[in-house]
Amino acid sequence: MFGDACEKAMRFTRPVITSTREYDGTVKCSCGAFIVLNDDGWILTAGHIFDSFVAHKEHGKKIKEIEEQNSHKGISDRNRPKLKIDPSWLTNHSFWWGWDGVRLNEVFVDRKIDIAVGRLQPFDRKWITEYPTIKDPLKMRPGTSLCKLGFPFSQINATFDEKANNFRLADKTLPLPLFPLEGMHTRNIMHGKSMDNTIDILYVETSSPGLRGQSGGPIFDKDCNICGIQLRTNHMPLDFKAEATVDGRKVVENQFLNLGVGLHAKTIVDVLRKRNIEFTMEGDSGYRIIS
């Protein structure tokens, strides 16, 4: 059902790799996805992709404060132990936006909505051969089959080059394989207002979970119309328990249904229009979303 749609979505869906180094030298990598919206290089992704960047800035300030306090200890403080720095605080941070040498500028993040937009620079229009069409929100219906696309199950490792002051991805890390996952549009979920209180937050729920590496990636129908972007997974209790015998012992576990949650096309359209970012939408009618 989604073969043709996936082929189209793969042309405008790219990975974003986040690399961090902690104070004790530990290097970690994670991956998300983003959609290239137009030939000016504007992209759409999940707002929580930037959480580590915010943490890096906060940790840098704390590290500097502690180092300054420790270096200015007076004679009366010589018996007082030095303040310790959390070994997990981030000292270095980097995004890799789908191509070498590309940065994301003009970034806007609304963490309450969980959306981020920005502009890739430099951007070569030859990189993307097809751009997405956003689904008319009025035509989205629970019961419709949808597909998610992203970059889960990828082993991403990096090292930090002290002399060059940058991260280096391990050999053969790229290209990352895309992975589609189907599900049904189950419900629309209202979730209040944006940070500036001007935009209604609407989520689209799917009957399959979102996978690590799919955050910020597209949720689309069989015609590749974008119905949302993947954000998180909710674990809904089923109010019954299953018993199993493990090593001769009975184990009782609560059962849950894992449901994907994405940002609904209506909220995406409202944010893009407010930011004056060009995009293509199926139709041009007004909005009346029924949860």
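Definitions and limits used
- Residues numbered from 1 in each chain as written.
- Predicted model: local features only at pLDDT ≥ 70, side-chain atom pairs only at ≥ 80, totals over all residues.
- Heavy atoms only, no water.
- 1 Å grid on protein atoms, 1.4 Å probe; cavity = no way out; pocket = protein on both sides within 12 Å on 5 of 7 lines; lining within 4 Å.
- Points joined across faces, edges and corners; volume = space filled by probe spheres on them.
- Helix = DSSP H or I, 4+ residues; strand = E, 2+ residues; numbered from the N terminus.
- Nonpolar A, V, L, I, M, F, W, Y, C, P; charged D, E, K, R; others polar.
- Salt bridge = Lys/Arg side-chain N within 4 Å of Asp/Glu carboxyl O.
- Buried < 20%, exposed > 50% of the residue type's maximum accessible area, 1.4 Å probe, protein only.
- Disulfide = S-S within 2.5 Å.
- Phe/Tyr/Trp six-rings, centres within 6.5 Å; stacked < 30°, edge-to-face > 60°.
- Lys NZ or Arg CZ within 6 Å of the ring centre and 35° of its normal.
- Polar contact = N/O pair within 3.5 Å; in protein donor to acceptor, adjacent residues only side chain to side chain.

A. A look at the layout of surface pockets. Considered as a void within the structure, the largest pocket measures approximately 690 Å³ in volume. The wall of the largest pocket is formed by 26 residues, among which H93, S94, F95, W96 and R103 lie closest to the centre. Broken down by secondary-structure element, the contributors of at least two residues to the lining of the largest pocket are strand 1 (13–22), helix 2 (51–71), strand 4 (90–97), strand 5 (103–110) and strand 10 (166–169). No other element matches the six residues that strand 4 contributes to the lining of the largest pocket. Across the lining of the largest pocket, the residue classes tally to 14 nonpolar, eight polar and four charged. Empty space within the second largest pocket amounts to approximately 580 Å³. As for the second largest pocket, its lining consists of 26 residues, of which S30, C31, R212, G213 and S215 are closest to the centre. Elements that contribute at least two residues to the lining of the second largest pocket include exactly strand 1, strand 2 (27–36), helix 2 and strand 14 (225–246). Per-element accounting of the lining of the second largest pocket gives the leading share, five residues, to strand 2.

B. Region of interest: unusual backbone geometry. Going from Q121 to P122, the amide bond is cis rather than trans, its omega being -5 degrees. The topology assignment puts P122 in the loop between strand 6 (115–121) and strand 7 (133–134). Backbone torsion omega between L174 and P175 reads 0 degrees, so that peptide bond is classified as cis. Tracing the sequence through the fold places P175 in the loop between strand 10 and strand 11 (179–193). Despite not being glycine, E106 shows a phi value in the positive range, around 55 degrees. On the secondary structure map, E106 appears in strand 5.

C. Spotlight on the pattern of salt bridges. This structure, assessed with the given rule, holds 17 salt bridges. In this structure, K135 and E282 form a salt bridge, with 3.6 Å as the shortest nitrogen-oxygen distance. Taken together, the residues span a long stretch of sequence, with K135 in the loop between strand 7 and strand 8 (145–150) and E282 in the segment after strand 16 (280–281) at a distance of 147 residues. According to the relative accessible area criterion, E282 is partly exposed, its value standing at 22%. Between D161 and R168 there is a salt bridge; the shortest N-O distance is 3.1 Å. For D161, a relative accessible area of 21% translates into the label partly exposed. Each of E7, R11 and E130 takes part in salt bridges that share partners, so that together they form one network.

D. Structural detail: the state of the cysteines. Inspection of the entire model under this criterion finds zero disulfides. With no disulfide of its own, C29 has C31 as its nearest cysteine by sulfur position, at a separation of 9.7 Å. On the accessibility criterion, C29 (24% relative accessible area) is partly exposed.

E. Examining the packing of aromatic side chains more closely. Inspection of every chain in the model, using the stated rule, returns 10 aromatic pairs. Ring geometry for F123 against W127: centres 5.8 Å apart, planes inclined by 85 degrees, an arrangement best described as edge-to-face. What links up through ring pairs into an aromatic cluster is the set F34, F50, F53, F95 and W97. R232 extends its terminal NZ or CZ atom over the ring of Y203, reaching a point 4.9 Å from the ring centre.

F. Structural view of the side chain of D270. With respect to the element layout, D270 can be found in helix 3 (residues 265–274). A distance of 2.9 Å separates a polar atom in the side chain of D270 from a polar atom in the side chain of K266.

As far as function goes, none of this settles anything; it's purely spatial.
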